[in-house]
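# Observations on the model geometry
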Amino acid sequence: MKKLLLVTTLVASCLMTGTALASKDCQDPVANWQPKENLSQMLETAGWTVNRIKVDDGCYEIKGYDQQNNKIEAEYYPATLRLRKFEIEFDKDALIPDYLPSK
């Protein structure tokens, strides 16, 4: 009986954890999504070179380069095109972009 209770508790804990992790994805209804072309145009106007836009976990995921040719990856909410996550990879001789503070 104790073993059954332990297994039940373990399974319930795993299910609750999975639900909590799933909520980190974008939750915008597909009917409200803006076209990928709108996001691409917005980023290219800002000086980025967009290599790829794909949907990942309900978000638009961007891969490309910024104005100083630094490699970037970003995620945007598809309904509002608001930035959700941003990663940048600098070369050793890279210039720090204007949008990042430098010392």
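Each remark here, short or long, concerns the structure printed above.
This section reports on the structure supplied with the text. (Residues numbered from 1 in each chain as written. Predicted model: local features only at pLDDT ≥ 70, side-chain atom pairs only at ≥ 80, totals over all residues. Heavy atoms only, no water.)

## Some thoughts on the environment of Leu-83
Of note, Leu-83 is situated in strand S4 (residues 83–89). Exposure remark for Leu-83: the relative accessible area of 39% places this residue in the partly exposed category. Separated by 23 residues in the primary sequence, Leu-83 and Tyr-60 have C-alpha atoms spaced 9.6 Å apart. With residues up to four places along the chain from it excluded, the contact list for Leu-83 reads Ala-74, Glu-75, Tyr-76 and Tyr-77. (Helix = DSSP H or I, 4+ residues; strand = E, 2+ residues; numbered from the N terminus. Buried < 20%, exposed > 50% of the residue type's maximum accessible area, 1.4 Å probe, protein only. Contact = heavy atoms within 4.5 Å.)

## A look at the pattern of salt bridges
The final tally for this structure, using the stated rule, is 4 salt bridges. The residue Arg-52 makes a salt bridge to Glu-61 at a minimum N-O spacing of 3.1 Å. You can call Glu-61 buried: its relative accessible area is 10%. For Glu-73, the salt bridge goes to Lys-63, with nearest N and O atoms at 3.9 Å. Of this pair, Glu-73 sits in strand S3 (residues 71–76) while Lys-63 sits in strand S2 (residues 59–65), placing them 10 residues apart in sequence. (Salt bridge = Lys/Arg side-chain N within 4 Å of Asp/Glu carboxyl O.)

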